[in-house]
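# A look at the structure
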Amino acid sequence: MPTYYGIRIELHPQVYEPAEDTFLLAENLAVREGDLALDVGTGTGLIALLMARKARFVLGVDINPLAVELANQNAQLNGVKNVEFRLSDLFERVEGKFDVVTFNAPYLPGEPEEPIDLALVGGETGREVLDRFIREVPKHLKPGGTVQIVQSSITGVEETLKMLDEVGLVGKVVAKRHVFFEDIVLINAVMPRGRA
């Protein structure tokens, strides 16, 4: 069983396995002591479990029921209690506002055919899921809160920054990693205080 950053993780062939994009986010988490955190598209639950080390409470959501089941198993396996995993299409079953929201966005163009595809395929242009996330995330961010988005350069980093600006968030690229034919980019966007 693989261990990442001191957390043991069970894997499943139909759930996205932690990879370069996951590690880029894991190594740059913006979570602080006592935060309320939300991990959208939680997959194996690794990011949520890492955030739980500092956060007061972490909610992890995924559209793939197999991922939710697996993330729950991984929480039990590591004895992490301050986390909850639930089935949700992005924010569909999420209430309240958070200090930190993380999202490793699917970015391949196309339509998902099996559960694993939900982690990778982002709709016809590859941006549909990401665009919907950006439109909805401000409602779930506290003033001064941070959203962290991991995406591929294939799906247009400038487009993401522009869209974040349009919804009132201040975004910038904080880390990137070159993998094969693309850059994997981490964008942090902050909800200005006095907004929301």
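It should be emphasised that the depicted structure is a prediction, and the values quoted were computed from it without experimental measurement.

### Structural notes on the overall build of the chain
Regarding its fold elements, the chain presents five helices and nine strands. Each helix and strand of the chain, ordered N terminal to C terminal, gives the series β-β-α-β-α-β-α-β-β-α-β-α-β-β. Taking 16 Å as the expected radius of gyration for a compact globule of 196 residues, we find that the chain reaches 15 Å, a close match to that expectation. Summarising its shape, the C-alpha atoms of the chain cover approximately 40 × 35 × 30 Å along the three principal directions. Carbon together with sulfur atoms contributes 52% to the accessible area of the chain, which is approximately 9000 Å² in total. Between the mean site of the 20 positive side-chain charges and the mean site of the 29 negative ones, the chain shows a separation of 11 Å.

### Considering the sheet that holds strand 3 (residues 36-40)
With mixed pairing, seven strands are arranged side by side in an open sheet as 5-4-3-6-7-9-8. Of all the strands in the sheet, the pair left with one neighbour each is strand 5 (83-87) and strand 8 (170-179). The average angle at which neighbouring strand axes cross in this sheet is 15°, direction not considered. By the bridge criterion, six bridges tie strand 6 (residues 98-104) to strand 7 (residues 141-152) in an arrangement that is parallel. Counted as the bridge partner of F98 is L141 from strand 7. Docked against the sheet, helix 3 (residues 65-77) engages strand 4 (57-62) and strand 5, running at close to 165° with respect to strand 5. Sitting on the sheet, helix 4 (residues 128-136) is in contact with strand 3, strand 6 and strand 7, with an inclination near 170° to strand 7.

### Some words on the pairing of strand 5
Examined bridge by bridge, strand 4 and strand 5 share five bridges and lie parallel to one another. Its bridge partner being in strand 5, D62 is matched across the sheet by L87. As for the winding sense of the linkage, the β-α-β connection from strand 4 through helix 3 to strand 5 is right-handed.

### Points about helix 4
Taken together, the buried positions of helix 4 are L130, D131, F133 and I134. Buried residues along helix 4 cover an arc of 160° about the axis, so they all sit on one side.

Definitions and limits used
Residues numbered from 1 in each chain as written. Predicted model: local features only at pLDDT ≥ 70, side-chain atom pairs only at ≥ 80, totals over all residues. Heavy atoms only, no water. Helix = DSSP H or I, 4+ residues; strand = E, 2+ residues; numbered from the N terminus. Rg over C-alpha atoms; globule rule 2.2 N^0.38 Å. Areas by Shrake-Rupley, 256 points an atom, 1.4 Å probe, with all protein chains shown as cover. Lys, Arg positive; Asp, Glu negative; His and termini not counted. Charge placed at Lys NZ, Arg CZ, Asp CG, Glu CD. Pairing = 2+ DSSP bridges. Axes fitted to C-alpha atoms, helices over the stretch in contact; angles between N-to-C directions. Contact = heavy atoms within 4.5 Å. Right-handed = clockwise from strand over helix to strand, strands pointing away. Buried < 20%, exposed > 50% of the residue type's maximum accessible area, 1.4 Å probe, protein only. Arc of directions from axis to C-beta.

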